[in-house]
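Spelled out from the first residue to the last, the chains are:
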Amino acid sequence: MILDLKYEARDVPQRITSRAGIDAWFEQATKGLNNFQKALIRSRWATMEELMSAGERKQRIIASIIQDFALKRA
């Protein structure tokens, strides 16, 4: 049996625009954790956020993708 694939396109925002929205999501996602656990997750998130937004990192990713496409052309 083959089923049809149904796809609903969505516009997903890529920028962080609302600190209040992030805080609300964090509280919901960490419900049931104690303050120490929440602080630990927040500190890890802050480090990850800095890493993911680093310009140099983005440039290395772009260069890697370009190289990959150049080597694996179909």
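Small disclaimer: the values here were computed from a predicted structure and weren't measured.

What counts, and at which threshold
Residues take numbers from 1 onward in each chain, read along the sequence in its written order. Reporting in this predicted model follows two pLDDT cut-offs: at least 70 for local features of residues, and 80 or more for side-chain atom pairs to be given and counted; totals over whole chains, interfaces and linings ignore these cut-offs and use all residues. Hydrogens and water are ignored here; the side-chain numbers use all heavy atoms of the structure. Under the DSSP-based scheme used, a helix requires at least four consecutive residues in state H or I and a strand at least two consecutive residues in state E, with every element numbered from the N terminus. Here's how the labels work: a residue is buried when its accessible area is under 20% of the maximum for its type, exposed when over 50%, partly exposed in between, all with a 1.4 Å probe on protein chains only. For the area figures, the Shrake-Rupley method with a 1.4 Å probe applies, and any residue is considered shielded solely by the protein chains shown. A side-chain nitrogen of Lys or Arg and a carboxyl oxygen of Asp or Glu constitute a salt bridge if their distance falls within 4 Å. Working definition: rings of Phe, Tyr and Trp (its six-membered ring) pair if their centres are within 6.5 Å, and the pair is stacked with planes under 30 degrees apart, edge-to-face with planes over 60 apart, and tilted otherwise. Two conditions define a charge sitting above a ring: the NZ of Lys or the CZ of Arg must be within 6 Å of the ring centre, and it must be within 35 degrees of the ring normal. The definition of a polar contact used here is a pair of N or O atoms within 3.5 Å, where within protein one atom must be able to donate a hydrogen and the other to accept one, and adjacent residues in sequence count solely through side-chain atom pairs. Patch construction takes residues with relative accessible area above 30% that form no salt bridge. Like charges are linked within 9 Å, and nonpolar side chains (Val, Leu, Ile, Met, Phe, Trp, Tyr) are linked within 5 Å.

Draft legend 1. Main features of the overall build of the chain. Assigned secondary structure in the chain consists of three helices and zero strands. Overall, the chain shows an N-to-C arrangement of helices and strands of α-α-α. Taken over 74 residues, the chain has a buried fraction of 4%. Within the structure as shown, the chain displays about 7600 Å² of accessible surface, and the carbon and sulfur contribution to it stands at 59%.

Draft legend 2. Spotlight on the pattern of salt bridges. The full count for this structure, using the stated rule, is three salt bridges. E27 serves as the salt-bridge partner of K38, at 3.1 Å between the closest nitrogen and oxygen. Residue K38 is found in helix α2 (residues 35-52), and its partner E27 is found in helix α1 (residues 19-29); the two are separated by eleven residues along the sequence. You can call K38 buried: its relative accessible area is 16%. Of the charged contacts in the structure, one is a salt bridge between R42 and E27, with a shortest N-O distance of 3.6 Å. Here the residue R42 occupies a position in helix α2, and E27 occupies one in helix α1, the gap between them amounting to 15 residues. A residue is classified by how much of its surface remains accessible, and E27, at 39% relative accessible area, is partly exposed. What you see here is one network of salt bridges that share partners, running through D23, E27, K38 and R42.

Draft legend 3. Broad picture of the packing of aromatic side chains. Throughout the structure, instances matching the rule amount to zero aromatic pairs. The residue whose ring lies beneath R42 is F26, and the NZ or CZ to ring-centre distance is 4.1 Å.

Draft legend 4. Representation of the side chain of T30 within the structure. Residue placement: T30 occurs in the loop between α1 and α2. A distance of 2.7 Å separates a polar atom in the side chain of T30 from the backbone oxygen of F26.

Draft legend 5. How the structure looks around a nonpolar patch on the surface. The grouping of I61, I65 and F69 at the surface amounts to a nonpolar patch, some 300 Å² of accessible area in total. As for its position among the elements, I65 is in helix α3 (residues 55-71). The class of I65 is partly exposed, set by a relative accessible area of 43%.

Everything listed is a geometric property; what it means functionally is a separate question.
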